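Each chain is listed here by its residues.
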2 protein chains.
Amino acid sequence: MSKQAAPLSLDFTAATCCPPLTQQRVPGEAAAALAPAFKALGDPVRLQLMSMIASAEGGEVCVCDLTPAFDLSGPTISHHLRTLREAGLVDSERRGTWVYYRARPQVLRQLAALLAVEPTAPAGR
Amino acid sequence: MSKQAAPLSLDFTAATCCPPLTQQRVPGEAAAALAPAFKALGDPVRLQLMSMIASAEGGEVCVCDLTPAFDLSGPTISHHLRTLREAGLVDSERRGTWVYYRARPQVLRQLAALLAVEPTAPAGR
DNA sequence: ACGTTGCTTAGACAAATGTCAACCTAGGGG
DNA sequence: CCCCTAGGTTGACATTTGTCTAAGCAACGT
């Protein structure tokens, strides 16, 4: 458990990314590293899962609380969670009978930074 | 041209979205509306296209400047641009022989807002 | 030891996606 | 007119994705 999705080498800790999309062209390498994270958020179910996990009290949620929130089979939810995990967006940990997921704020922050846009302000803020 | 992707009804102008993922659970409807935008950014080529468009001088780029930047056929680039358009991320306009794309900052802003995370600060902001 | 509950893995399958070659449309110049 | 260039559309194809059922592994209760 707590797989870091070895082959992805997202290296989110470093300068893989960051200057906003709108400020500087994203080089191919960075795009290849970051796209999977967006792709993972590109499914309605996973986007909801992500928000349920990220907004959870105590910073974590039991899978047993996630599964019943959707009209989908357990394996399907598990599959989506794996996708989020492999995209580096969440981490999982087994404690006793249950498995808990928690968000990785660093990654979210970096994605948000990438999408950042100058404030609408036409004049000087 | 300048298609607004009619059937999508993203309604990005209103409260379709916005409170950060980490603050509040994204309801299914909002997730369904927002996921396509993330999905559109979930391909390396499109992520690069998006950044080339969004960071362009003058706020717009000619397709003729985008296509040669990739090792892909014209139709393929055209297809990716259409995907970005239908996701509401960009707009296109024909002027004479050439077609220009420009970013829709509102949407980027909303996506960024959704991913926003509290500053790392463990203590009082 | 056995059965139960929670979650993941494996396999299968229809649907969606990324890519290309071929064709088509728009606009500009001879 | 005809042709040339810039892009988009169509149709085909292999690959990936979302979903399920069936089977597996892990922890707990009895």
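Right, let's walk through the structure included here. (Residues numbered from 1 in each chain as written. Chains lettered and ligands numbered in written order. Predicted model: local features only at pLDDT ≥ 70, side-chain atom pairs only at ≥ 80, totals over all residues. Heavy atoms only, no water.)

Quick notes on the pattern of salt bridges
Opposite charge on two side chains lets them pair, provided their charged atoms get close. Residues and elements named next belong to chain A. One pass over the full model with this rule turns up ten salt bridges over all chains. Residue glutamate 60 pairs with arginine 102 through a salt bridge whose shortest N-O separation is 2.9 Å. With a gap of 42 residues between them, glutamate 60 in strand 1 (residues 60-62) and arginine 102 in strand 3 (residues 98-103) connect regions that are remote in the sequence. Note that arginine 95 and glutamate 93 form a salt bridge whose closest N and O atoms lie 3.4 Å from each other. Taking relative accessible area as the criterion, arginine 95 reaches 34% and is therefore assigned partly exposed. Connected through shared salt-bridge partners, Glu60, Glu93, Arg95 and Arg102 make up one network. (Salt bridge = Lys/Arg side-chain N within 4 Å of Asp/Glu carboxyl O. Helix = DSSP H or I, 4+ residues; strand = E, 2+ residues; numbered from the N terminus. Buried < 20%, exposed > 50% of the residue type's maximum accessible area, 1.4 Å probe, protein only.)

Describing the relation of the copies chain A and chain B
The relation between the two copies of this chain is a rotation about an axis and a shift parallel to it. The two copies are related by a screw operation: chain A maps onto chain B through 180° of rotation and 0.0 Å of translation along the axis, at an RMSD of 0.0 Å. This pairing of chains is accounted for by a two-fold axis. A symmetric contact is evident, with 100% of the interface residues of chain A recurring at the interface of chain B. (Least-squares fit on C-alpha atoms with pLDDT ≥ 70 in both. Contact = heavy atoms within 4.5 Å.)

Overview of the sheet that holds strand 2 (residues 90-95) of chain B
All names here are of chain B. The antiparallel open sheet is built from three strands, whose spatial order is 1-3-2. Sheet topology places strand 1 (60-62) and strand 2 at the edges, where each strand pairs with a single neighbour. Shown here is a sheet whose adjacent strand axes are inclined to one another by a mean of 30°, direction ignored. Here three bridges tie strand 1 to strand 3 (residues 98-103), and the two strands are oriented antiparallel to one another. Its bridge partner being in strand 3, glutamate 60 is matched across the sheet by arginine 102. Packed on one face of the sheet, helix 4 (residues 74-86) meets strand 2 and strand 3 and runs near 120° to strand 2. (Pairing = 2+ DSSP bridges. Axes fitted to C-alpha atoms, helices over the stretch in contact; angles between N-to-C directions.)

Describing the interface of chain A and chain B
At the interface, 38 residues of chain A touch 38 residues of chain B. Between chain A and chain B lies a buried interface of about 3000 Å² when both sides are counted; carbon and sulfur atoms form 71% of it. Run the count over chain A and chain B and you get zero salt bridges. The interface formed by chain A and chain B includes four residue pairs in polar contact (both at pLDDT 80 or more). Contributions of two or more residues to the side of chain A that touches chain B are made by helix 1 (28-41), helix 2 (44-54) and helix 5 (105-115) of chain A. Broken down by element, the side of chain A that touches chain B gets its largest block of residues, eight residues, from helix 1 of chain A. (Buried area = accessible area lost by both parts, 1.4 Å probe. Polar contact = N/O pair within 3.5 Å; in protein donor to acceptor, adjacent residues only side chain to side chain.)

Structural notes on the protein's contact with DNA strand D
What surrounds DNA strand D is a group of 22 residues, the closest being A:Ser73, A:Thr76, A:His80, B:Cys62 and B:Cys64. Taken together, the sugar and phosphate atoms account for 81% of what DNA strand D places within 4 Å of the protein. The side chain of A:His80 places a nitrogen or oxygen atom 2.4 Å from a phosphate oxygen of DNA strand D. B:Ser78 places a polar side-chain atom, nitrogen or oxygen, 2.9 Å from a phosphate oxygen of DNA strand D. (Near = heavy atom within 4 Å.)

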